[in-house]
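Single-letter residue listing:
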Amino acid sequence: MENNFDTQGYLDMELLRFTTAGSVDDGKSTLIGRLLYDSKSIFEDQVQQVEQSSKKKGLEHVDLSLFTDGLKDEREQGITIDVAYRYFATPKRKFIIADTPGHVQYTRNMVTGASTANLALILVDARNGVIEQTKRHTFIASLLQIPHIFVCINKMDLVDYSQLAYDKVVKEYTDFAAKLSVKDVRFVPMSALHGDNVVSRGDKMSWYEGGTLLHNLETVHISSDHNLRDCRFPVQTVIRPHSDQYHDFRGYAGRVAGGIFKKGDSVVALPSGLESRIDAIHTMTGELEEAFPPQSVTITLEHDIDISRGDVLVRSENRPEGQQDLDVMLCWLNAKPPRPRAKYVIKHTTAEARAMITDIQYKMDINTLHRIQGDKAIKMNDIARVKLRSTKPLFADYYTVNRVTGSIILVDEATNETVAAGMVR
Amino acid sequence: MSDYSLTHLEELEAEAIYIIREVFAQFDNPAILFSGGKDSIVVAHLARKAFWPAKIPFPLVHIDTGHNFPETMEFRDNLIKEMGANLIVGSVQQSIDEGAVIEETGMNASRNALQTTTLLDTIEFNNFDACMGGARRDEEKARAKERFFSHRDDFGQWDPKNQRPELWNLFNGKKRMGEHFRVFPISNWTEMDVWQYILQENIAIPELYFAKERNVIWRNGSWLPVSEFITLKDTDEPQIKMVRFRTLGDITITGGQESDANTLEKIIQEVASSRQTERGNREDDKRSESSMEDRKRQGYF
Ligand SMILES: Nc1nc2c(ncn2[C@@H]2O[C@H](COP(=O)(O)OP(=O)(O)O)[C@@H](O)[C@H]2O)c(=O)[nH]1
């Protein structure tokens, strides 16, 4: 084989999860198609399928947007309906794209896609500049605490690749985003249709000094996106082998949600408050000296204390407070609005309780970022600041401090549907 | 990379183990759907890691079309023995004998479509409320929107428009009586991730994945293995070729490709330079562009 694939390099790659947002026709599908196509992540049989479909539609060029076409319903209706995940890898990184379409159910879809993303691509049509949707997307990205936002200023070919047009959009966006808490914002002028600045530079925008979109995606620093300070280990299940060899083994299985747990550390189990020390951190391939997010491990303690699913192990000098009244920014995901005084199941890490919305403080106008004080009727896609009362204390952190221990969902007990997503304030 | 970062394979592994443990904690009677292919072998391996040093706390379920590669069956039985796990077999032959399904006839006959009935019957008979599978979102368009926890109604059907939103790592496994879930712990893995992981973890896989001289015929663009289950036409010319299989399904429809990849490293090189999706060689997917999606709605996976 001529170009030898670098196996070791592949084993050392990091994973970057990003979400994409743009209003209809900004070129999002074309951009994703371009990223996949130019990074050679599309197989020949898929290319053939898309070539055939493009011809059927009477197009001369290959319609790159068809690569991200999803389910049959959509093909028939010509719209995308939900969050779709795509994968590609370059020699530097592996990428997961949460592709969310821009239409009616937009907020719900973007919140879902953004909840696991390290980065958001926000598309702007260079001709239109920052519009209402751009603000909405940026607000959701900042609300969900996505650490990096790349603003893709697309269709530069339609403004003669003009630096002036680009600078204008950058200024508009920067002025607006100053009101929000976003750590890392970058701008890339591009033409998704012709490929400039997506994977390769092209020769049309020599005035632009930054890297291509792909270069930025490959190099953005993401390893500090986890909370490494506050130790949190929500217990998923207790492992008891009942075998002769591991007769007394009682391990707490879970995924580290924050901080670095070390063998020998003194820890506290919440809610009981019982203290012990970490005896060992187990994996099937051997014990670890320390565990950090998002590793899945099994912890054994020196003392036999009663711990079960829903409990959390923390350090004694850094404990989250048990809260029964939670201050939450809530995104309503369901077509049925919340019923007054209704009880929902609340899920927080591995813990579960029942909860009620006791107060609606205000709704957000996500286009203007203004608070709507009077209107207390929550509907699908609304974002509202609410108070929740839970039947038992939940050991939550601020969402801005930890996205894992600061998030909750509500489940309707009548339908079992996930009806809301919340971020603890 | 800092000291506190994971490689992408480590992160995918941690995610899958987390999901498998959630299934154990949230359901009463879960199972792993085990096809004998590399993806379900990886899921079984991850399940082992998730509960070590305890054994896998649920059975492996195999839907047996009766048209298997003999190597797959032998491999399955050895693995079950080694893991000390329970095996439950759902037999398509039995569904045919009992008249629950009618076998296709003709040149391109396959038992693939029949699997769905046997699978749903097996789930119902054993009262499984969650079945984990090795499906990945990168395999096929219809899977790109699948959730980790995929809710099925009491007919086992999937409604792409009515899926529960999945946020952060909060998975909602709540259901009514009679409903069940399919769960896909390796949703976020690609074919390449799976191969690299098999190499990294030194996981045993069936011989069929490695190139070897095999007796095959050329049909519909790939090399189909000659077996007792396949009807030969006069024009078919069985021949010996160096062939390997990228996926292992029903022996009557799983096409192999010419290859000299007889080690994992060579397979990885081949996958890296390959320009065809792995399902490209499966007859069942060629029937129509939407065929996978249609079968999925009915409860195939
Ligand atoms: N001229 C030009 N047209 C583009 C560019 N990117 C996308 N388009 C076109 O804009 C239209 C909408 O693109 P599409 O990717 O479907 O947009 P989406 O709705 O955001 O997914 C299509 O006709 C594309 O060919 C670009 O960079 N330049």
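Residues numbered from 1 in each chain as written. Chains lettered and ligands numbered in written order. Predicted model: local features only at pLDDT ≥ 70, side-chain atom pairs only at ≥ 80, totals over all residues. Heavy atoms only, no water.

S.K.: Honestly, the overall build of chain A in this entry has me stumped. Any pointers?
M.R.: For chain A, the count of helices and strands is eight helices and 21 strands. For 425 residues, the compact-globule estimate of 2.2 N^0.38 gives 22 Å, and the C-alpha radius of gyration of chain A, at 24 Å, lies within 12% of that figure. By principal-axis analysis of the C-alpha atoms, chain A measures approximately 70 × 65 × 40 Å. Looking at chain A as a whole, 59% of its 425 residues are labelled buried. (Helix = DSSP H or I, 4+ residues; strand = E, 2+ residues; numbered from the N terminus. Rg over C-alpha atoms; globule rule 2.2 N^0.38 Å. Buried < 20%, exposed > 50% of the residue type's maximum accessible area, 1.4 Å probe, protein only.)

S.K.: Please explain the site of the ligand as it appears in this structure.
M.R.: Residues and elements named next belong to chain A. The full set close to the ligand counts 16 residues, and Asp25, Lys28, Ser29, Thr30 and Asp157 are the nearest of them. Here Ser29 contributes a side-chain N or O atom positioned 2.5 Å from an oxygen atom of the ligand. Ala192 is positioned with one of its backbone polar atoms (N or O) 3.0 Å from an oxygen atom of the ligand. Against a free-state accessible area of 570 Å², the protein chains account for coverage of 76% of the ligand. Take the shell around the ligand: its biggest share by element is three residues, from helix α2 (residues 28–38). Split into classes, the residues belonging to the shell around the ligand amount to four nonpolar, seven polar and five charged. (Near = heavy atom within 4 Å. Polar contact = N/O pair within 3.5 Å; in protein donor to acceptor, adjacent residues only side chain to side chain. Areas by Shrake-Rupley, 256 points an atom, 1.4 Å probe, with all protein chains shown as cover. Nonpolar A, V, L, I, M, F, W, Y, C, P; charged D, E, K, R; others polar.)

S.K.: Could you clarify how one ought to interpret the domain arrangement of chain A in this entry?
M.R.: How big an interface is tends to be expressed through the accessible area that disappears when the partners come together. Residues and elements named next belong to chain A. Parsing chain A into structural domains produces domain 1 (7–225), domain 2 (232–315) and domain 3 (323–424). The distance between the C-alpha centroids of domain 1 and domain 3 comes to 30 Å. With both chains or domains summed, domain 1 and domain 3 bury close to 1600 Å², and 64% of this area falls on carbon and sulfur atoms. Where domain 1 touches domain 3, the interface holds zero salt bridges. Applying the counting criterion to the domain 1 and domain 3 interface returns nine residue pairs in polar contact (both at pLDDT 80 or more). (Domains from an automatic or database assignment. Buried area = accessible area lost by both parts, 1.4 Å probe. Salt bridge = Lys/Arg side-chain N within 4 Å of Asp/Glu carboxyl O.)

S.K.: Looking at this model, I keep getting lost on the packing of helix α2 (residues 38–51) of chain B against helix α6 (residues 191–201) of chain B. Mind explaining?
M.R.: Packed helices, taken two at a time, are described by their axes: the angle between them and the distance between them. All names here are of chain B. Between α2 and α6, the shortest axis-to-axis distance is 11 Å and the interhelical angle comes to 55°. Considered as vectors, α2 and α6 are oriented oblique to each other. Both α2 and α6 take part in a crossing whose hand is left-handed. Of the residues in α6, those touching α2 at Lys38, Asp39, Val42, His45, Leu46 and Lys49 are Glu191, Val194, Trp195, Tyr197, Ile198 and Glu201. Classifying every residue of the contact of α2 with α6 by side-chain character gives six nonpolar, one polar and five charged. (Axes fitted to C-alpha atoms, helices over the stretch in contact; angles between N-to-C directions. Parallel < 35°, antiparallel > 145°, perpendicular 65-115°, else oblique. Left-handed = near helix turned anticlockwise from the far one by under 90°. Contact = heavy atoms within 4.5 Å.)

S.K.: Quick question: what am I supposed to make of a negative patch on the surface here?
M.R.: Taken together, Asp97(B), Glu98(B), Asp121(B) and Glu124(B) make up a surface patch of like negative charges. Mapped onto the elements of the fold, Glu98(B) is located in the loop between α4 (92–97) and α5 (115–126). (Patch = residues over 30% accessible without salt bridge, like charges linked within 9 Å, V, L, I, M, F, W, Y side chains within 5 Å. Lys, Arg positive; Asp, Glu negative; His and termini not counted. Charge placed at Lys NZ, Arg CZ, Asp CG, Glu CD.)

S.K.: Sorry, what's going on with helix α3 (residues 70–83) of chain B here?
M.R.: Along an α-helix, residues three or four positions apart point the same way, because every turn accommodates 3.6 residues. Residue and element names in this part refer to chain B. Compared with the 20 Å implied by 1.5 Å per residue over 14 residues, the 20 Å span of α3 between its first and last C-alpha is a close match. Lining the buried residues of α3 we find α2, β2 (60–64) and β3 (87–91). With its phi angle positive at about 65°, Gly84 sits one or two positions after the end of α3. (Expected span 1.5 Å × (residues − 1).)

S.K.: For this particular structure, what's the right way to read the environment of Phe181(B)?
M.R.: Residues and elements named next belong to chain B. By secondary structure assignment, the location of Phe181 is in strand β6 (residues 180–183). Considered as a pair, Phe181 and Met73 are 108 residues apart in the sequence and their alpha carbons are 26 Å apart. If near-sequence neighbours (up to four positions away) are discounted, Phe181 is found in contact with Phe27, Asp129, Ala130, Cys131, Phe149, Ser150, His151, Arg164, Asn172, Gly173, Lys174 and Lys175.

S.K.: Explanation requested: the sheet that holds β3(B) in the structure shown.
M.R.: Within a beta sheet, neighbouring strands are joined by backbone hydrogen bonds and run either parallel or antiparallel to one another. Residues and elements named next belong to chain B. The six strands are arranged β3-β2-β1-β4-β6-β5 in an open sheet whose pairing can be described as mixed. In this open sheet, the two edge strands, each paired with only one partner strand, are β3 and β5 (149–152). In this sheet, adjacent strand axes meet at a mean angle of 30° when their direction is disregarded. Where strand β4 (residues 130–132) lies against β6, three bridges are found, and the strand directions are parallel. The partner of Cys131 across the bridge, within β6, is Arg182. Helix α1 (residues 8–26) contacts β1 (30–33), β4, β5 and β6 of the sheet and is inclined by roughly 40° relative to β5. (Pairing = 2+ DSSP bridges.)

S.K.: Explanation requested: the interface of chain A and chain B in the structure shown.
M.R.: Between chain A and chain B, the residue contacts involve 90 residues of the former and 76 residues of the latter. Remark: the boundary between chain A and chain B carries five salt bridges. Ionic pairing is found between Arg17(A) and Glu11(B), a salt bridge with its closest N-O pair at 3.3 Å. There are 23 residue pairs in polar contact (both at pLDDT 80 or more) connecting chain A and chain B. Its residues placed into classes, the side of chain A that touches chain B shows 39 nonpolar, 28 polar and 23 charged.

S.K.: Would you explain the sheet that holds strand β6 (residues 184–189) of chain A in this entry?
M.R.: Taken in spatial order, the six strands of this open sheet run β2-β3-β1-β4-β5-β6 (chain A), and their pairing is mixed. In this open sheet, the two edge strands, each paired with only one partner strand, are β2 (84–89) and β6 of chain A. Strand-to-strand twist across the sheet, computed as the mean angle between neighbouring axes with direction ignored, equals 25°. Relative to strand β5 (residues 148–154) of chain A, strand β4 (residues 119–125) of chain A runs parallel, the two sharing seven bridges. Within β5(A), the position partnered with Leu123(A) by the bridge is Cys152(A). Strands in contact with α1(B) are β1 (14–21) and β3 (93–99) of chain A; relative to β1(A), the strand with the most contacts, it is inclined by about 75°.

S.K.: Explain the pairing of strand β8 (residues 251–255) of chain A to me, please; I cannot follow it from the model alone.
M.R.: In summary, the side chains of a regular strand alternate between the two faces of the sheet. All names here are of chain A. Among the five residues of β8, five are classified as buried, and the element is accordingly described as predominantly covered. The side-chain alternation of β8 yields two buried faces, one formed by Gly251, Ala253 and Arg255 and the other by Tyr252 and Gly254. Inspection of the sheet shows β8 paired to strand β13 (residues 296–301) by four bridges, in the antiparallel sense. Counted as the bridge partner of Tyr252 is Ile299 from β13.

S.K.: Looking at this structure, I do not really get the confidence of the model for chain B. What am I missing?
M.R.: A low pLDDT score tells you not to read the predicted coordinates there in detail. Residue and element names in this part refer to chain B. Summing up the model confidence of chain B, the mean pLDDT is 83 and the portion of residues at 70 or higher is 84%. Taken element by element, the predicted model of chain B shows its lowest mean pLDDT in helix α8 (residues 283–286) (46) and its highest in α1 (97). Note that pLDDT drops below 50 for residues 281–290; the model gives that stretch 34 contacts with residues more than four away or on any other chain. Scored as a whole, the predicted complex attains pTM 0.91, and scored at its interfaces, ipTM 0.92. (pLDDT = per-residue confidence, 0-100.)

S.K.: Sorry, what's going on with α5(B) here?
M.R.: Residue and element names in this part refer to chain B. For α5, built from 12 residues, the straight-helix expectation of 16 Å at 1.5 Å per residue is met to within 8% by its first-to-last C-alpha distance of 16 Å. Restricting attention to buried positions, one finds in α5 the residues Gln115, Thr116, Thr118, Leu119, Leu120, Thr122 and Ile123. Immediately beyond the C-terminal end of α5, within one or two residues, lies Asn127, with a positive phi of roughly 60°.

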